[in-house]
Amino acid sequence: ALVAAALHPILRWSRGLGAETSVQHARSLGWLNEVFNGVKLIKATAAERHVAQRHDEIEGELARIQRGLLFQPHLLRVVFEATGILLLLATLALATTLFGLEGGVVITVVALFMRLYPRLGNLQHLVQQLFITLPAVENLERLNRGLGESRETSGGEARQVPPGDIEIEDLHL
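Scoring rules and cut-offs
Residue indices begin from 1 for each chain and proceed along its sequence in written order. Given that this is a predicted model, residues contribute local features only at a pLDDT of at least 70 and side-chain atom pairs are listed and counted only at 80 or more, while totals for whole chains, interfaces and linings are drawn from all residues. Excluding hydrogens and water, the side-chain figures rest on all heavy atoms present in the structure. Every case where a carboxyl oxygen of Asp or Glu lies within 4 Å of a side-chain nitrogen of Lys or Arg is listed as a salt bridge. Counting from the N terminus, the helices are the DSSP runs of H or I reaching at least four residues and the strands are the DSSP runs of E reaching at least two. Each residue is placed in one exposure class: buried if its accessible area under a 1.4 Å probe, protein chains only, is under 20% of its type's maximum, exposed if it is over 50%, and partly exposed if it falls in between. Working definition of a nonpolar core: buried Ala, Val, Leu, Ile, Met, Phe, Trp, Tyr and Cys residues. They are joined through side-chain atoms within 4.5 Å. Throughout, a residue-residue contact means that at least one pair of heavy atoms, one from each residue, lies within 4.5 Å. Patch membership requires over 30% relative accessible area and the absence of a salt bridge. Like charges are linked within 9 Å, and nonpolar side chains (Val, Leu, Ile, Met, Phe, Trp, Tyr) within 5 Å. All accessibility values rest on the Shrake-Rupley procedure with a 1.4 Å probe; residue burial counts only the protein chains present in the view. Only the six-membered ring of Trp is used, alongside the rings of Phe and Tyr, when aromatic pairs are assigned; centres must lie within 6.5 Å, and planes under 30 degrees apart are stacked while those over 60 apart are edge-to-face, with the rest tilted. Any Lys NZ or Arg CZ found within 6 Å of a ring centre and within 35 degrees of that ring's normal is scored as a charge over the ring.

### As for the pattern of salt bridges
- The full count for this structure, using the stated rule, is 6 salt bridges.
- Residue glutamate 61 pairs with arginine 64 through a salt bridge whose shortest N-O separation is 2.6 Å. In this pair, glutamate 61 and arginine 64 are both assigned in helix H3 (residues 48–98), 3 residues apart and thus about one turn of the helix distant.
- The partly exposed category is assigned to glutamate 61, whose relative accessible area is 27%.
- Beyond isolated ion pairs, a larger network of salt bridges with shared partners links Glu20, Glu61 and Arg64.

### A closer look at the nonpolar core
- Grouped together as the largest cluster of nonpolar side chains are 11 residues: Val3, Leu7, Ile10, Leu11, Leu76, Phe80, Leu88, Leu92, Val106, Phe113 and Tyr117.
- Those elements that provide at least two residues to this core are helix H1 (2–37), H3 and helix H4 (103–149).
- Once residues lying within four places of it in the same chain are set aside, the contact partners of valine 3 are Phe80, Thr83, Gly84 and Leu87.
- By size, the runner-up hydrophobic cluster in this structure holds 5 residues, among which are Trp31, Ile42, Val51 and Ile58.

### Things to note about a nonpolar patch on the surface
- A contiguous nonpolar surface patch, about 580 Å² in accessible area, is contributed by Leu94, Leu98, Phe99, Leu101, Val105 and Val109.
- For the nonpolar patch, the secondary structure elements donating two or more residues are H3 and H4.
- On the basis of relative accessible area, leucine 101 is assigned to the partly exposed category, the value being 34%.

### A short note on the packing of aromatic side chains
- Applying the stated criterion across every chain yields a total of 3 aromatic pairs.
- Ring centres of phenylalanine 113 and tyrosine 117 lie 5.3 Å apart, and the angle between their planes is 40°; this geometry places the pair in the tilted category. Note that phenylalanine 113 and tyrosine 117 are positioned in helix H4 at a spacing of 4 residues, about one turn of the helix. By the burial criterion, phenylalanine 113 is buried, and tyrosine 117 matches it.
- Among the aromatic residues, ring-to-ring pairing joins Phe80, Phe113 and Tyr117 into one connected group.
- Lying over the aromatic face of tryptophan 31, arginine 54 brings its terminal NZ or CZ to 5.8 Å of the ring centre.

The following block contains the structure:
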């Protein structure tokens, strides 16, 4: 419980970075889509410098988020390991002073801890990855629900277009 409490702010930060990543990737893809669709207009109006500056701003924000995502696992590991070792030492100190445990029992507890510790570290890493990717999954679920709600229903049977010419009268644009 103490280790989880120590890791909670970092995991909350992971979730925030995951949400920022999703939003920023959407902005980046939207911007690139606009640029590719309007490349002739950009060229015709000599707006290349503005487009390049805007692109650098968006990519700079993505780079900032990525630096946080690269730094975070190491910070989480340091906090996890330091907290775990301090708690083990405190528990062993209390156990030897209060309960008078012998050296063999202390060595057995340390050996069990050393065998269990890598698995706990892997679990901690997986939890962090879950917190990072959860906002993207929630975003996909929200988009999926939106698609289901905006689905067009068929109004009836399809009509056949009669053969021959089609004429349009009184068409105004």
